[in-house]
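Descriptive analysis of the structure
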Amino acid sequence: MSATAASVTRHDWSLAEVKALFEQPFNDLIFQAQGVHRQHFDANRVQVSTLLSIKTGACPEDCKYCPQSGHYNTGLDKEKLMEVQKVLEAAAEAKAIGSTRFCMGAAWKHPSAKDMPYVLKMVEGVKALGLETCMTLGKLDQEQTKALAAAGLDYYNHNLDTSPEFYGNIITTRTYADRLETLSYVRESGMKICSGGILGMGESLNDRAGLLIQLANLPEHPESVPINMLVKVKGTPLAEEQDVDPFDFIRMLAVARIMMPKSHVRLSAGREQMNEQMQALAFLAGANSIFYGEKLLTTGNPQADKDMLLFKRLGIQPEAREEHDDEVHQAAIEQALVEQRDSKLFYDAASA
Ligand code: SF4
């Protein structure tokens, strides 16, 4: 396929085809991916999201890459569910520095009935600020999925992480089928899906291809596909894994772009360890979404400043930021905060 041939959205990828994409000469692959990218996106726009951990650590799952798992001792400070008000303040700050989507993550196996009302308030409040909303809370049942959709949740993040064949080497406390079931509930409820995986866990090329096949062969492609580079954290079982060849990581982004031409491919965890040249190559391969860093965001956020400087040097604009004039924007923020302050759910969500 040439870079200019019309890209087709397919759901029937085979392993042989996907491996053939990966095994092309690097320049041919990047050229093809960039050609597909330009058919569906402005090549000089990148969507910017902010991620906030609303409940940190002590997770009962045993994902071998994750410092938040309660199975490993990584010295991470554990935190209970954040207060709704604090989440909204963080969201307002994220918006002020140009994020269009606010992602809230909780280290749970699944949300409990006790936590759901607070989570729903967070969604409503962030939505009222004019941001797109995204959450990652673990496994959901159908009722929870419907409630989140009704509260205004735009995206649900639930990563498949790797191929079904390699999955058991990484996680034993849940199954691949569980993940696919939650994704199907999310889709049924009308929310958008954010789902991707991680490179650098000791997986083979077949596993990388297998992950992309799982995602691309879903009845609808996930709207957002985060591709993460393992961040090796001391105390986790994968702390000593070998580094991924940076060009293999770029190949993964390019193949994801070709297989899911209309999805946002997100350059996700591990970006802070990549130099600017590698990030530029990632955008060339078709990545068009980033987080402003894994942690939110205090005044002056140097990481965000650095990102904006890189965008400027590359002539990249953040995608589709909603344009409010400052007064309207400020009024919207204040009103949402006041409403939340008046809500009985404001007070110490974690101890309720
Ligand atoms: S479910 Fe999420 S928070 Fe929990 S251990 Fe796995 S990756 Fe970490």
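Residues numbered from 1 in each chain as written. Predicted model: local features only at pLDDT ≥ 70, side-chain atom pairs only at ≥ 80, totals over all residues.

On to the overall build of the chain, then. What the chain contains, in helices and strands, is 12 helices and 10 strands. Here the chain, with 352 residues, has 46% of them falling under the buried criterion. Long-range pairs, those at least 24 residues apart, make up 81% of the contacts in the chain between residues at least 6 apart in sequence. (Helix = DSSP H or I, 4+ residues; strand = E, 2+ residues; numbered from the N terminus. Buried ≥ 20, exposed ≤ 12 C-beta atoms within 10 Å, placed from the backbone. Contact = placed C-beta atoms within 7 Å.)

The UniProt feature table records "binding site: [2Fe-2S] cluster" (unreviewed entry) at Cys103, Cys134, Cys194 and Arg266. In three dimensions, the annotated residues from a span of 164 residues occupy one location, with a maximal C-alpha spread of 13.9 Å. You can see Cys134 is positioned in strand 3 (residues 132-136). Excluding anything up to four places from it in sequence, Cys134 contacts Ser49, Arg101, Phe102, Cys103, Asp154, Tyr155, Asn157 and Cys194. Structurally, Arg266 is set in strand 8 (residues 264-267). Setting aside its immediate chain neighbours within four residues, Arg266 contacts Gly196, Ser224, Val225, Pro226, Ile227, Ala287, Ser289 and Ile290. (UniProt positions renumbered as here; feature names shortened; annotations may be inferred.)

Our focus in this paragraph is the nonpolar core. Counting 93 residues, the largest nonpolar core has Val87, Ala91, Leu212, Leu253 and Ala256 as the members making the most contacts within it. Examining the composition of this core, we find that nine residues originate from one element, helix 9 (residues 246-259), more than from any other. With near-sequence residues (within four places) excluded, Ala91 lies in contact with Phe102, Val126, Leu129 and Leu131. (Core = buried A, V, L, I, M, F, W, Y, C linked by C-beta atoms within 7 Å.)

What follows concerns helix 10 (residues 276-284). Of all the residues in helix 10, the buried ones are Gln279, Leu281, Ala282 and Phe283. Just downstream of helix 10, Gly286 is the residue with a positive phi angle, here 115°.

With that settled, the discussion passes to the pairing of strand 1 (residues 45-55). Regular strands place side chains that alternate from one sheet face to the opposite one. Of all 11 residues in strand 1, eight are buried; the element is thus mostly enclosed. Pairing between strand 1 and strand 10 (residues 317-318): two bridges, direction parallel. Opposite Val46, over in strand 10, you have Pro318 as the bridge partner. Alignment of strand 1 against strand 9 (residues 289-291), held across three bridges, turns out to be parallel. If you follow Val48 over to strand 9, its bridge partner there is Ile290. Where strand 1 and strand 2 (residues 101-106) come together, six bridges link them in parallel fashion. By the bridge assignment, Lys55 is partnered in strand 2 with Ala106. With respect to chirality, the unit in which strand 1 leads through helix 3 (residues 84-96) into the neighbouring parallel strand 2 is right-handed. (Pairing = 2+ DSSP bridges. Right-handed = clockwise from strand over helix to strand, strands pointing away.)

Geometry of a packed helix pair, given as the angle between the helix axes and the separation of the axes. The geometry of helix 1 (residues 15-22) relative to helix 8 (residues 205-216) is characterised by a closest axis approach of 9 Å and an angle of 115° between their N-to-C directions. Of the possible angle classes, the one that applies to helix 1 and helix 8 is roughly perpendicular. As for how helix 1 packs across helix 8, the hand of that crossing is right-handed. Taking contact as the criterion, the partners of Leu15, Val18, Lys19 and Phe22 in helix 1 are, on helix 8, Leu205, Asn206, Ala209, Gly210, Leu212 and Ile213. In terms of residue class, the contact of helix 1 with helix 8 is built from seven nonpolar, two polar and one charged. (Axes fitted to C-alpha atoms, helices over the stretch in contact; angles between N-to-C directions. Parallel < 35°, antiparallel > 145°, perpendicular 65-115°, else oblique. Left-handed = near helix turned anticlockwise from the far one by under 90°. Nonpolar A, V, L, I, M, F, W, Y, C, P; charged D, E, K, R; others polar.)

The topology assignment puts Glu23 in the loop between helix 1 and helix 2 (26-40). Note on Glu23: 10 C-beta atoms within 10 Å, which makes it exposed. Counting along the chain gives 228 residues from Glu23 to Arg251, while the straight-line C-alpha distance between them is 8.9 Å.

Direction vectors running N to C along helix 2 and helix 9 enclose 35°, while the axes themselves pass 9 Å from each other. Of the two possible hands of crossing, helix 2 and helix 9 adopt the one that is left-handed. Between helix 2 and helix 9, the residues in contact are Phe26, Leu29, Ile30, Gln32, Ala33, Val36 and His37 and Phe247, Arg251, Ala254, Arg257 and Ile258, respectively. For the contact of helix 2 with helix 9, the per-class residue count stands at eight nonpolar, two polar and two charged.

On to helix 2, then. Residues spaced three or four apart along an α-helix point in a common direction, a consequence of the helix completing one turn every 3.6 residues. The end-to-end C-alpha distance of helix 2, which contains 15 residues, comes to 22 Å, matching closely the 21 Å that a straight helix rising 1.5 Å per residue would cover. As for helix 2, its buried residues are in contact with helix 1, helix 9 and helix 10. (Expected span 1.5 Å × (residues − 1).)

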